[in-house]
Amino acid sequence: MTETIPLSEPSLEGNELAYLDDAIGQRHLSALGEYSRKCSELLGAAHGAADVVMTTSCTDALELSALLLGIEPGDVVVVPSFTYVSTALAFARQGATIRFCDIEPVTFGMDPNHLEALLDGSVRAVVPVHYAGVGCDIEDILNATQGLPHLDVVEDNAHGLFGSYRGEPLGSFGRFSTLSFHETKNFVCGEGGALVVNRPGDVERARILNDKGTNRGAFLRGQVDRHTWVDTGSSFGLSDMLAAFLYGQLERRSEILAKRKVVFERYQVMLEGGQRDGGYSLPVVPEDRRSAYHMYYVILPDRATRDAVIDGMRVRGVASAFHYVPLHSSPYGLEVSDGDGECPVTDDVAGRLLRLPFYNNLSESQADRVVEAFLAALAAC
Ligand SMILES: Cc1ncc(COP(=O)(O)O)c(C=O)c1O
């Protein structure tokens, strides 16, 4: 029997195992090692950032941003409802009230018009997501937040590393942005993340909060002669073994992005013809944005068809999935939010979106099988 094609599949792309071996040989397996420094420098240069702090996940990086912003009970944080739990959870666990923003129907990023209606003096942070690696309307989002001095933007850039908006890197717009290196992402180390620090004034404190509230980093750099407990924080740092593996992937960024672009474009070409007859629509990358090619999805006419296509593809040996369960109507989302709970575009898209298998080494024949299974499952509806 032919093997099932998975939704995503991590792969070795270069020197990951050699670097892992080297990291073990250097006997520095914990955070703040040599490979962590290399990843941080590479990512910092790519963003033009003041610093990049390596963390154990994107969730941790979001939590670190919430600590750095001093989010506390009484503060409101606006996040899209169409996102992963972590975008909201990191702020909710600091006691913030969450206000859910709807998405616009082109890139499925935060809708700047809805955002404008949600903003008031109690909003301390806005957290847009660059869904599937395509930049959201970040300029309009920044414009909407102008004139609110107590408000900061944190970009949840779990999907969009090395994508751009009007020539500027995704993740370089907010005061902070966050990255994920979870096994399902474009660049992986199992579990991993990073906080991109875009303002020089935040660098020292970000390092301290990342390292259990101590100034051990300054001590290791020879800047102080002892290290001690100076602030709040947690143990967010990425192990150097994982950083070594990750560096092997990040070094191959051009090759990885090129492979993903080929898979994306192959799907677009193969599925284009059926758009009219099949009644589905395909992803749009606006001309002023360069995608990071994180995902491929199709929008089906209704939820019943989408769910039937998932089942139909499964029996044909191809995995596919929905995305996301809207947060504004989730049990915990209802508990921590203060909004009116109206996010109609989110409800619509979440009910009709179907993710297709998408990974670096998805071959031409596998892509053919995916499309065949998709069209056959759709025709059977
Ligand atoms: C938009 C978004 N933010 C945050 C996360 C959490 O990432 P991590 O698993 O690295 O914590 C994810 C994970 O899929 C995500 O999709």
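How each quantity is defined
- Residues numbered from 1 in each chain as written.
- Predicted model: local features only at pLDDT ≥ 70, side-chain atom pairs only at ≥ 80, totals over all residues.
- Heavy atoms only, no water.
- Buried < 20%, exposed > 50% of the residue type's maximum accessible area, 1.4 Å probe, protein only.
- Helix = DSSP H or I, 4+ residues; strand = E, 2+ residues; numbered from the N terminus.
- Right-handed = clockwise from strand over helix to strand, strands pointing away.
- Pairing = 2+ DSSP bridges.
- Polar contact = N/O pair within 3.5 Å; in protein donor to acceptor, adjacent residues only side chain to side chain.
- Contact = heavy atoms within 4.5 Å.
- Axes fitted to C-alpha atoms, helices over the stretch in contact; angles between N-to-C directions.
- Parallel < 35°, antiparallel > 145°, perpendicular 65-115°, else oblique.
- Left-handed = near helix turned anticlockwise from the far one by under 90°.
- Nonpolar A, V, L, I, M, F, W, Y, C, P; charged D, E, K, R; others polar.
- 1 Å grid on protein atoms, 1.4 Å probe; cavity = no way out; pocket = protein on both sides within 12 Å on 5 of 7 lines; lining within 4 Å.
- Points joined across faces, edges and corners; volume = space filled by probe spheres on them.
- Domains from an automatic or database assignment.
- Salt bridge = Lys/Arg side-chain N within 4 Å of Asp/Glu carboxyl O.
- Buried area = accessible area lost by both parts, 1.4 Å probe.

(A) View of the pairing of strand β5 (residues 152-156). Summarising burial for β5: 5 of the 5 residues are buried, a large majority. Side chains D152, V154 and D156 project from β5 onto one buried face, and the interleaved V153 and E155 project onto a second face that is buried too. Crossover strand β4 (residues 123-126) to β5 through helix α6 (residues 138-145) is right-handed. Two strands pair when backbone bridges link them, and β5 and strand β8 (residues 176-180) are joined in this way by 3 bridges, in the parallel orientation. Looking at the pairing, E155 lines up with S177 of β8.

(B) Summary view of the side chain of Q268. With respect to the secondary-structure elements, Q268 resides in helix α10 (residues 253-272). There is a polar contact of 3.3 Å between the side chain of Q268 and the backbone oxygen of P283. Setting aside chain neighbours within four positions, we find Q268 in contact with L282, P283 and Y296.

(C) Up close: the packing of helix α2 (residues 34-47) against helix α9 (residues 240-250). Taken N-terminus to C-terminus, the directions of α2 and α9 make an angle of 40°; their axes are 7 Å apart at the nearest point. As the angle between them shows, α2 and α9 are arranged oblique. As α2 packs across α9, the resulting crossing turns out to be left-handed. Along the contact surface, α2 presents E34, Y35, S36, K38, C39, L42 and L43, while α9 presents D240, A243, A244, L246, Y247 and L250. Here the contact of α2 with α9 is built from residues that sort into 9 nonpolar, 1 polar and 3 charged.

(D) The layout of surface pockets, seen in detail. In this model, the largest pocket occupies a volume close to 570 Å³. Along its surface, the largest pocket is lined by 29 residues, and Y84, H182, T184, K185 and Y324 are the ones closest to its centre. Counting only elements with at least two residues in the lining of the largest pocket, the list comes to α3 (58-68) and α4 (85-92). In the lining of the largest pocket, the residues fall into 12 nonpolar, 13 polar and 4 charged. Two domains each put at least three residues into the lining of the largest pocket: domain 1 (16-250) and domain 2 (253-379). A volume near 480 Å³ is recorded for the second largest pocket.

(E) Geometry of the pattern of salt bridges. Summed over the entire model, instances satisfying the criterion amount to 24 salt bridges. The partner of E139 in a salt bridge is R166, and the shortest N-O contact between them spans 2.7 Å. You can see E139 sitting in helix α6 and its partner R166 sitting in the loop between β6 (164-165) and β7 (168-169), a full 27 residues away along the chain. Where salt bridges share partners, they join D137, E139, R166, D288 and R289 into one cluster.

(F) Examining the domain arrangement of the chain more closely. When the domains of the chain are assigned, the result is domain 1 (16-250) and domain 2 (253-379). Computed from C-alpha atoms alone, the centre-to-centre distance between domain 1 and domain 2 is 25 Å. With 45 residues of domain 1 in contact, the opposing surface of domain 2 contributes 35 residues. Considering only the side of domain 1, the residues that lose the most area to domain 2 are F82, F100 and N186, jointly responsible for 17% of the buried surface there. Residue R166 pairs with D288 through a salt bridge whose shortest N-O separation is 2.9 Å. Summed over the shared surface of domain 1 and domain 2, the result is 20 residue pairs in polar contact (both at pLDDT 80 or more). Residue assignment for the side of domain 1 that touches domain 2 shows that the elements contributing at least two residues are β2 (76-80), α4, β3 (97-101), β6 and α9.

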